[in-house]
Amino acid sequence: MDMCAAEATASLLHAEENFSACLARIDALVFKPLLQAEPSDQKGKENFKLFLLLNDRFQALWNLTEENSRIVKQKCSTSESFCIQDIYIVWKGDLFLSLYIQYFVTFANYVVVHGFEHATKSKSEAWKHHKTVLKQFLTDFTSETSMSLALYTVLHKPIRDHIEQYIMLLTKLNEVLKEGSEKDVVTSAVKEYVKLESFISQVLDEACFTKTLWKSLGYKFTDMLCVPERRLLEDSRNLPISASTNRSDRILLFDDVLVLIQGNSFQSFDLKLVWVDENCREKSTPGLYGLRIITPEETFFLSAKDPQMKAVWQWKLNQAIRQALNGKRDFPLWGKTGEGTEPPSCRFFTYVFRLESKFKSASYEGEWHWGKPHGKGTVKWRDGRNHVGDFKEGLEHGFGICLVPRRSEDRYDCYKCHWYEGKMRGYGICEYGNDMVYKGYFKDNVRQGFGILENHSAEHPFKYTGQWENDKKNGYGVWEDKDRGERYIGTWLDDHKHGQGIVVTQSGVCYQRTFHADKMVGSGILLLEDDSVYEGNFTEDLTFVGKGKLSFANGFILEGTFTNKSGQGLQTQGILNTSNEQPDERITKTQLGLKEFPVEKRWKGIYDQFLEFIHSGCKEETEESFTGFHIQTSKELRKSQEYLFCHRGTEDVSWKIEDILEELVHHQELESLQRYLEKALKSSLHPLGKLLKALTIAFQATYSGIGANRHLLTMAQEEVKYYAKKIWEFYQGLLHLALEQKGQMPAKCVDGETSDQKACSVVLPLILPCFYPELFMLYMLYHEREDDLYCQGIVDLSLFPDIKLLEFLDVQKHLWPLKDLTLTTNQRRSLIKDKCFLSATECLQKLITTVDPREKLLILQKTYEEIESTVSRVVETDYKLPMDDLLPLLMYVVSRAKIQHLGAEIHLIRDLMDPTNQGGLYDFLLTALESCYEHIQRMRLHQRENCHLSPSS
């Protein structure tokens, strides 16, 4: 092996020394003289820059040769043994190949622009003086009489010959090497140098082919199309093919563009955005073999007369497109080493649209598929608009962010929305340049369905939550005027309050009127903060006018005609009826909006989106478009999109829609279903959780803050029940879809429960926590008067010691738990407080710690059991309390528990408890608690009346 390497190294040294000497002569007699002859014309200057680059490449090649020669010579002068590593052109083969490729690519560029022809025509004195010497030197290399051809030969032939020497030297070495890793290395090196030889040959052929084309074309085409790096790959005059509809006389395929020439004009198409479809046949030209050429704005056909020509053009087009996309030519340019014949159909590129369309003059940067924007991309228009997001088949489709400049001011409207076939559709957030923000649904680029518009500016802050149609407020909606401190709940038409409406003010005044284009018309009902009720006509500043009836809180009624003259105050002519001195709850607790706004017609825009999502088959890519209202900020919206397109986190539950449908099938048993729904409703990633979030927003917009008015309690209560019903319906819809996809039929209800009963028993307790703060506030306001009276009664009873209270409440003495009254040395039994029935009292106090009516009823049952357990311990036997004994004992526990809003608690439980509990134990215990509550109020009223009637009063 050492002998083989030594011989190869010696041969290499000889070749490198000769080649280096040759390069030195070329440098001295060709490059240096030509570098002194700098032209003055523009074309000559451009070519001269290219010649400077060629000189740099030549110098790099020469330096490498000398470096290699020095290393080999140094190795030969030592007595060390030789090995393959000593052969520099093998172990540094990549460096050699790279420099040779760079030189010949630059050389070919100089050839293409007729560089040698321009150089030899130089009129400089230095060139004229050197011309004779150069001619003599060139005859050693070529017999060409043309100076330009001779220069062309001398600057490539010696170098190509030297590469052949490398190949011969390495081939001989390879023949004597034994099988093994060193032989494999040398074999691989030989192959690469053979490829280099082929590459150089192809590069020079292409350069000459392209140079010939520029000679044949007129100056107009050459000036616009000729660039040093561009190569002609095929010409329809060499390989006939024609374009459809006689749109061209000549077709030129370059390595970067496809050019169609028609008369004195031409069209060029960037190959990075050219797709070739072979599966077509032109109907209008039978007998021809066509290729469909697809570009961003045009599609045309290339037709060949036989399949062989079509196949060659198709192959060359695809090769050229693939190499253009790769940003580099193959090595060699054409051959089996190409990286496949088919370029990818999906690409990433920037393009400026020219033809008339919605994208005219706009630039698109992003992903393409068969000539159309498809995938992620950005469009920028000249007027400042831009759109970043998803595209499908040339149109905005999926999630996108669109910026639109406002004409009158230096601000933008920012739409962060879902798009469908080029138009906004589905959920989105729009941040307008005038400080308004819309969060809601769109259709065909306008606000449509449920949405919230909020004005954050200090000038006139407001918030609208409700239905939209054709970009205007239409249907049921809630308007909050933050300046006036009032809220309108009612119907709208074309951005105006129109139809029935309720207005709630910050001061507690509430009224219901008919509106026409924002103006009040007809009579209405006005509920004042002092519990007076006025029925009739009144002005916007709530002044009574015309005929009306005023019912006072004490039961008096004034009916007549009201006037309000300037400076004279309110005047009336009518009848004051004082016969009824008792407040009428039907008046003081009047409930508004029940007939005017049927619960099934409120928030229809929310339900419609979820229903459409189910009907569409619950496709994951459309989920956020239909059900996105749980997202209320731009930051959340962006995170939501990241969630959709990125890998899900390490959650214990997958909320991908296909997993949801799969999971639903396995949770149809009641207990399993309740656990599943509890998780689903708490998740912002489950469709049912998203629905609940949207309903919560709508509920809070209506009944929180200013909307906390007792006259809206029944409206709110029936709304929450309806939410439960709709959520159950949507659960059923999802389950039906899941079963349908599995080819199964939904199970029939075996327990006879209706859909409404299921909603109340299964869903309502799960969703109630979301609405409880606003709902319970309404209950507290509605029962405020009774709760105040009850609390006064509790204060009175709390003054009694335990024994006195038991006696006062007529609890039988044998049931008194006197053993629980532990005394200290200075205490008297008769003065001990809060010791009897302590466990039952503490149990009942837990009533306010939960929002679930089921759990509240369980606490009540536990309280009853604790009372019964205490009594059983006192009488030392199991004791079942009859009603006569239970009520006094429960009264005692209630008085000691001191629950502040007991009336509100009782009525909330009564209204929202599972209907199946009616008539059972829970119903009995709730009725007993209610009796205690009412009895404490009566006791307080009785005491108050006695105080009023006493002589001291």
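Going by the annotation in an unreviewed UniProt entry, the name recorded for the chain is ALS2 C-terminal-like protein isoform X1, with Aythya fuligula given as the source organism.

Trainee: It is not clear to me how the overall build of the chain should be interpreted in this structure. Could you clarify?
Mentor: Counting secondary structure elements, the chain contains 27 helices and 27 strands. The buried share of the chain, reckoned over its 953 residues, is 51%. For the chain, the accessible area works out to roughly 46,500 Å², and carbon and sulfur atoms hold 51% of it.

Trainee: Could you clarify how one ought to interpret the sheet that holds strand 6 (residues 275–277) in this entry?
Mentor: The pairing of strands in a sheet happens through backbone hydrogen bonds and is either parallel or antiparallel. Reading across from one edge, 2-8-7-6 is the order of the 4 strands in this open sheet, with antiparallel pairing throughout. Either end of the sheet is taken by a strand with one partner, and the two such strands are strand 2 (242–243) and strand 6. Pairing geometry for strand 2 and strand 8 (residues 299–304), over 2 bridges, is antiparallel. Across the sheet, the residue bridging to Ala 243 is Leu 302, located in strand 8. Sheet strands touched by helix 11 (residues 307–326): strand 6, strand 7 (289–294) and strand 8. Its angle to strand 7, the strand with the most contacts, is close to 20°.

Trainee: Where do I start with the pairing of strand 12 (residues 386–392) in this structure?
Mentor: Consecutive residues of a regular strand have side chains that alternate between opposite faces of the sheet. Counting buried residues in strand 12 gives 5 out of 7 residues, a clear majority hidden from the surface. Two elements, strand 11 (residues 372–380) and strand 12, share 6 bridges in a ladder whose sense is antiparallel. Bridge pairing links Gly 377 to Gly 389 in strand 12. Where strand 11 folds back onto strand 12 in an antiparallel hairpin, the turn is made up of 5 residues, including Gly 384, whose phi is positive at roughly 105°. Pairing of strand 12 with strand 13 (residues 395–405), which is carried by 6 bridges, proceeds in the antiparallel orientation. Residue pairing in the sheet places His 387 in a bridge with Cys 402 of strand 13. The loop that links strand 12 with its antiparallel partner strand 13 comprises 2 residues; one of these, Glu 393, has a positive phi angle of about 50°.

Trainee: Would you mind showing me how to read a nonpolar patch on the surface here?
Mentor: Taken together, the side chains of Met 883, Leu 921 and Phe 924 make up a nonpolar region of the molecular surface, amounting to roughly 230 Å² of accessible area. By the element assignment, Met 883 lies in helix 25 (residues 883–897). For Met 883, a relative accessible area of 31% corresponds to the partly exposed category.

Trainee: When you look at the packing of aromatic side chains in this model, what are you seeing that I'm missing?
Mentor: Aromatic ring pairs are reported here in terms of the distance separating the ring centres and the angle at which the planes meet. Tallied over the entire structure, the rule returns 56 aromatic pairs. Taking 6.3 Å as the distance between ring centres and 50° as the angle between the ring planes, the aromatic pair formed by Phe 58 and Trp 62 counts as tilted. Of this pair, Phe 58 and Trp 62 both sit in helix 2 (residues 42–76), separated by 4 residues, roughly a single helical turn. There is no split in this pair, since Phe 58 and Trp 62 are both buried. A ring pair is formed by Phe 699 and Tyr 723, whose centres lie 6.2 Å apart and whose planes are at 75°; its orientation type is edge-to-face. Placement of the pair is Phe 699 in helix 18 (residues 687–703) and Tyr 723 in helix 19 (residues 713–741), with a sequence separation of 24 residues. By the burial criterion, Phe 699 is buried, and Tyr 723 matches it. One aromatic cluster is present, built from ring pairs that chain together Tyr 415, Tyr 432, Tyr 438, Phe 442, Phe 462, Tyr 464, Trp 468, Trp 479, Tyr 488, Trp 492 and Phe 515. Across the ring face of Phe 254, the terminal group of Arg 230 is positioned such that the distance to the ring centre comes to 5.8 Å.

Trainee: I keep staring at the side chain of His 667 and nothing clicks. Help me out?
Mentor: Summarising the element assignment, His 667 is placed in the loop between helix 16 (657–665) and helix 17 (670–682). Only 2.5 Å separates the side chain of His 667 from the side chain of Ser 672, close enough to count as a polar contact. If we skip the residues at most four places from it in the chain, His 667 touches Ser 672, Leu 673, Tyr 676 and Tyr 731.

Trainee: Sorry, what's going on with the pattern of salt bridges here?
Mentor: Two side chains that carry opposite charge are able to pair once their charged atoms sit near each other. Here the structure, examined in full by the defined rule, presents 44 salt bridges. Residue Lys 157 pairs with Asp 161 through a salt bridge whose shortest N-O separation is 3.2 Å. Remark: Asp 161 and Lys 157 occur in helix 8 (residues 157–176); sequence separation between them is 4 residues, near one turn of the helix. A relative accessible area of 33% means that Asp 161 is categorised as partly exposed.

Trainee: Could you clarify how one ought to interpret the packing of helix 24 (residues 853–875) against helix 26 (residues 902–912) in this entry?
Mentor: Each pair of packed helices can be described by the angle between their axes along with the distance between the axes. It is the contact of helix 24 with helix 26, at a shortest axis distance of 9 Å, that shows an interaxial angle of 120°. Looking at the two axes, helix 24 sits oblique to helix 26. Of the two possible hands of crossing, helix 24 and helix 26 adopt the one that is left-handed. Across the interface between the two elements, Pro 853, Lys 856 and Leu 857 of helix 24 pack against Glu 905, Leu 908, Ile 909 and Leu 912 of helix 26. Partitioned by chemical class, the residues of the contact of helix 24 with helix 26 number 5 nonpolar, no polar and 2 charged.

Trainee: Help me understand the nonpolar core in this model?
Mentor: The nonpolar side chains of a soluble globular protein tend to be buried, and buried together. Core analysis: the largest hydrophobic core is formed by 80 residues, its most contacted members being Ile 502, Trp 603, Ile 606, Leu 677, Ile 727, Ile 767 and Leu 775. Leave out the neighbours within four places in its chain, and Ile 606 touches Phe 450, Leu 691, Ala 694, Leu 695 and Ala 698. Counting residues in each nonpolar core, the second largest holds 72 residues, with Ile 26, Phe 51, Leu 99 and Leu 217 among its members.

Trainee: What's the story with the sheet that holds strand 4 (residues 257–262) in this structure? I'm lost.
Mentor: Here 4 strands make up an open sheet; going across it, the order is 1-3-4-5 and the pairing antiparallel. Strands with a single pairing partner mark the edges of an open sheet, and in this sheet they are strand 1 (232–235) and strand 5 (265–270). Averaged over all pairs of adjacent strands, the angle between their axes in this sheet comes to 20°, without regard to strand direction. Where strand 4 and strand 5 come together, 6 bridges link them in antiparallel fashion. The residue of strand 5 that forms the bridge with Ile 261 is Phe 266. Helix-sheet contacts for helix 11 involve strand 1, strand 3 (250–254) and strand 4, and the interaxial angle to strand 3 is about 40°.

Trainee: Even after reading the chapter, I still don't get the packing of helix 17 against helix 20 (residues 755–782), so can you show me in this structure?
Mentor: Where helix 17 meets helix 20, the axes come as close as 9 Å, and the angle between the chain directions of the two elements is 40°. Handedness of the helix 17/helix 20 crossing: right-handed. Contact with helix 17, carried on its side by Leu 670, Gln 674, Leu 677, Glu 678 and Leu 681, involves Lys 758, Ser 761, Val 762, Leu 766 and Ile 767 of helix 20 and no other residues of that element. Taken together, the residues that form the contact of helix 17 with helix 20 break down as 6 nonpolar, 2 polar and 2 charged.

Trainee: Hey, could you run me through the layout of surface pockets in this one?
Mentor: Where empty space is left can be seen by rolling a probe of water-molecule size over the atoms. Empty space within the largest pocket amounts to approximately 1,100 Å³. Taken together, 40 residues form the lining of the largest pocket, with Trp 419, Tyr 420, Arg 425, Thr 622 and Ser 625 sitting closest to its centre. Residue classes in the lining of the largest pocket are distributed as 10 nonpolar, 17 polar and 13 charged.

Trainee: Can you help me understand the confidence of the model for the chain in this one?
Mentor: Any residue range with low pLDDT should be treated as having predicted coordinates unsuitable for detailed reading. Model confidence for the chain is summarised by a mean pLDDT of 85, while 87% of its residues fall at 70 or above. Across residues 948–953 the pLDDT falls below 50, and counting only partners more than four positions away or on other chains, this stretch makes 2 contacts in the model.

Trainee: Just to check I follow, could you spell out the environment of Gln 267 for this structure?
Mentor: Topologically, Gln 267 is positioned in strand 5. Here Gln 267 falls in the partly exposed class, since its relative accessible area comes to 29%. Sequence separation between Gln 267 and Val 257 is 10 residues; the distance between their C-alpha atoms is 9.7 Å.

Trainee: What exactly am I supposed to notice about the environment of Gln 202 here?
Mentor: Note that Gln 202 resides in helix 9 (residues 181–216). Here the alpha-carbon distance between Gln 202 and Pro 332, two residues 130 residues apart in the chain, equals 7.7 Å.

Trainee: What is the right way to look at helix 7 (residues 147–154) in this model?
Mentor: An α-helical turn contains 3.6 residues, so any two residues separated by three or four positions project in the same direction. The buried fraction of helix 7 is high, at 7 of 8 residues. Among the residues of helix 7, Met 147, Ser 148, Ala 150, Leu 151, Tyr 152, Thr 153 and Val 154 are the ones counted as buried.

Trainee: Sorry if this is basic, but what is going on with helix 11 here?
Mentor: Counted at 1.5 Å a residue, the expected span for helix 11 with its 20 residues is 28 Å, and the 28 Å between its end C-alpha atoms agrees. The set of residues buried in helix 11 consists of Lys 310, Trp 313, Gln 314, Lys 316, Leu 317, Asn 318, Gln 319, Ala 320, Ile 321, Arg 322, Gln 323 and Ala 324. With a side-chain oxygen positioned 3.0 Å from the backbone nitrogen of Gln 308, the residue opening helix 11 is Asp 306. At the C-terminal side of helix 11, Gly 327 shows a positive phi close to 80°.

Trainee: What is the right way to look at the environment of Leu 713 in this model?
Mentor: Turning to its location among the elements, Leu 713 is positioned in helix 19. A relative accessible area of 5% means that Leu 713 is categorised as buried. A C-alpha to C-alpha distance of 8.8 Å links Leu 713 and Leu 781, two positions 68 residues apart in sequence.

About the thresholds
- Residues numbered from 1 in each chain as written.
- Predicted model: local features only at pLDDT ≥ 70, side-chain atom pairs only at ≥ 80, totals over all residues.
- Heavy atoms only, no water.
- Helix = DSSP H or I, 4+ residues; strand = E, 2+ residues; numbered from the N terminus.
- Buried < 20%, exposed > 50% of the residue type's maximum accessible area, 1.4 Å probe, protein only.
- Areas by Shrake-Rupley, 256 points an atom, 1.4 Å probe, with all protein chains shown as cover.
- Pairing = 2+ DSSP bridges.
- Contact = heavy atoms within 4.5 Å.
- Axes fitted to C-alpha atoms, helices over the stretch in contact; angles between N-to-C directions.
- Patch = residues over 30% accessible without salt bridge, like charges linked within 9 Å, V, L, I, M, F, W, Y side chains within 5 Å.
- Salt bridge = Lys/Arg side-chain N within 4 Å of Asp/Glu carboxyl O.
- Phe/Tyr/Trp six-rings, centres within 6.5 Å; stacked < 30°, edge-to-face > 60°.
- Lys NZ or Arg CZ within 6 Å of the ring centre and 35° of its normal.
- Polar contact = N/O pair within 3.5 Å; in protein donor to acceptor, adjacent residues only side chain to side chain.
- Parallel < 35°, antiparallel > 145°, perpendicular 65-115°, else oblique.
- Left-handed = near helix turned anticlockwise from the far one by under 90°.
- Nonpolar A, V, L, I, M, F, W, Y, C, P; charged D, E, K, R; others polar.
- Core = buried A, V, L, I, M, F, W, Y, C linked by side-chain atoms within 4.5 Å.
- 1 Å grid on protein atoms, 1.4 Å probe; cavity = no way out; pocket = protein on both sides within 12 Å on 5 of 7 lines; lining within 4 Å.
- Points joined across faces, edges and corners; volume = space filled by probe spheres on them.
- pLDDT = per-residue confidence, 0-100.
- Expected span 1.5 Å × (residues − 1).

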